[in-house]
Amino acid sequence: MSRIYKRKGSPYWWYTAGTSPNRIQKSTGTRDKKVALRIQAKWDQEIALRNSGVEVPTVNLQIPFRQYIDVIEQTKGKSNASCIKGALNMFMKLNPHVTNKHLTPFFLQEYYTQRQNMGRSPKTILEDHKIINNWCEWMILMGYLVKNPEKGLIRPKRVKVRPRKAYTREEIKYAFKEAWLDHDKRFWNLLYKTGLRAVDGCTLTSENINGKFIEVSQDKTHDYDEPRVVVVPMHKDLQTMDIYNIMKPQSIGNSRERLKKILGHGDLHTLRHSFASHLEEFGATRWETKCLLGHKADDITAQYVHINVDRLSPIINQL
């Protein structure tokens, strides 16, 4: 049986287990009894595993992390591998010296609370749960873990968000006029007048320009074996602008917040919705809109096209 106790002259709780001459005595390194009790349970588990012959060695998680990413990049599509790598990169960044012995349900629950405090949405945290759960299952197969610490964790409830709306043409003109940074103005013009995603638009190079057309290979619409290249006619306004490498990808979030401050709603992706909606207002067919957005399915394009009810009022009045 183990127990924790206060040792004379030490501010910390101490742990002891077993009997002499094999008795274990060591400091928990904490003054909080609740934390000490959790450490006691963890050390009890390690002793039980060692006694049963199934103890796993202590390994820095950088090792299984790199091994797992190598496997993912070889077996998953490019976009899927990128999402998985991004989620695990964040986990390793926030826990740089973590080992496999740290991966307990309590440790992971604290990590997800930290992510929530960083402003991550329930949808993002649920994706993190899924990715880390699969990683833990793989580590069990590889012998780095004995059991999956994801089991039984409390997951956030998915919040139903309001559907996205397109900006009106007046709102877009106002945003361009009020943009106080030149690269924001160029960036927003590019996204609205090409329909590109922000991650594709911020790093255009001269290689993406073919005459009067912009050609972009969109990662999100890749079939793993067959890349999809989107070709969009270059708007006359863009021909006089410097649209190359407008900003670093990690700066996209700041640009999004500045746009939201000006218009009060929406984000950079709303410009893509506005591109699709306004195209069809001006007479583009659904097939043409689908091609310019780079979609593979009609039902996806339908989610991007929003009806301008005000524009239909004169038509309805003719009934």
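Residues numbered from 1 in each chain as written. Predicted model: local features only at pLDDT ≥ 70, side-chain atom pairs only at ≥ 80, totals over all residues. Heavy atoms only, no water.

### Thoughts on unusual backbone geometry
Part 1: Of note, the phi angle at N245 is positive, near 45°, even though the residue is not glycine.
Part 2: In this structure, N245 sits in the loop between β6 (229-233) and α9 (252-263). (Helix = DSSP H or I, 4+ residues; strand = E, 2+ residues; numbered from the N terminus.)

### So, a nonpolar patch on the surface
Part 1: A surface patch of nonpolar side chains, amounting to about 250 Å² of accessible area, comprises F213, V229 and V231.
Part 2: Inspection of the secondary structure assignment puts V229 in strand β6. (Patch = residues over 30% accessible without salt bridge, like charges linked within 9 Å, V, L, I, M, F, W, Y side chains within 5 Å. Areas by Shrake-Rupley, 256 points an atom, 1.4 Å probe, with all protein chains shown as cover. Salt bridge = Lys/Arg side-chain N within 4 Å of Asp/Glu carboxyl O.)

### Topic: the sheet that holds strand β5 (residues 213-217)
Part 1: Spatially, the 3 strands line up as an open sheet ordered β4-β5-β6, and their pairing is antiparallel. Single-partner strands in this sheet number two, and they are β4 (209-210) and β6.
Part 2: Relative to β6, β5 runs antiparallel, the two sharing 5 bridges. What sits directly across from I214, in β6, is V232. (Pairing = 2+ DSSP bridges.)

### Digging into the pattern of salt bridges
Part 1: If you walk through the whole model with that rule in mind, you get 12 salt bridges.
Part 2: Note that R155 and E150 form a salt bridge whose closest N and O atoms lie 3.0 Å from each other.
Part 3: The exposure class of R155 is partly exposed, given its relative accessible area of 38%.
Part 4: Residue classification places E150 among the buried positions, given a relative accessible area of 1%. (Buried < 20%, exposed > 50% of the residue type's maximum accessible area, 1.4 Å probe, protein only.)

### Details of the confidence of the model for the chain
Part 1: Confidence along the chain averages 87 in pLDDT terms, with 94% of residues attaining 70 or more.
Part 2: Counting interchain partners and residues more than four positions distant, the pLDDT-below-50 stretch residues 221-225 has 15 contacts. (pLDDT = per-residue confidence, 0-100. Contact = heavy atoms within 4.5 Å.)

### Description of α9
Part 1: Along its 12 residues, α9 runs 17 Å from first to last C-alpha, staying within 8% of the 16 Å computed at 1.5 Å per residue.
Part 2: Those residues of α9 lying buried are I252, S255, R258, L259, I262 and L263. Projection of α9 onto a plane perpendicular to its axis shows the buried side chains occupying an angular sector of 125°, all on one side.
Part 3: Elements in contact with the buried residues of α9: α6 (169-178), α7 (182-194), α8 (198-201) and α10 (268-281).
Part 4: One or two residues past the end of α9 sits G264, with phi positive at roughly 85°. (Expected span 1.5 Å × (residues − 1). Arc of directions from axis to C-beta.)

### Topic: the side chain of H273
Part 1: In this fold, H273 is placed in helix α10.
Part 2: The residues touching H273, leaving out its near neighbours within four places in the chain, are R164, A166, Q303, Y304 and H306.

### Observations regarding the sheet that holds strand β2 (residues 13-17)
Strand pairing in a sheet takes place through backbone hydrogen bonds and is either antiparallel or parallel in direction.
Part 1: Strands sit in the order β1-β2-β3 across an open sheet of 3 strands; the sheet is antiparallel. Unpaired on one side and paired on the other, β1 (2-6) and β3 (24-27) mark the two borders of the sheet. Averaged over all pairs of adjacent strands, the angle between strand axes in this sheet comes to 20°, irrespective of strand direction.
Part 2: Pairing of β2 with β3 involves 4 bridges; the strand directions are antiparallel. Within β3, the position partnered with W14 by the bridge is S27. (Axes fitted to C-alpha atoms, helices over the stretch in contact; angles between N-to-C directions.)

### Focus: the environment of A166
Part 1: Along the chain, A166 turns up in the loop between α5 (122-142) and α6.
Part 2: What makes A166 buried here is its relative accessible area of 18%.
Part 3: Sequence-wise, A166 and D267 are 101 residues apart; in three dimensions their C-alpha atoms are separated by 10.0 Å.
Part 4: Contact partners of A166, with chain neighbours within four places excluded, come to E171, T270, H273, S274, S277 and H306.

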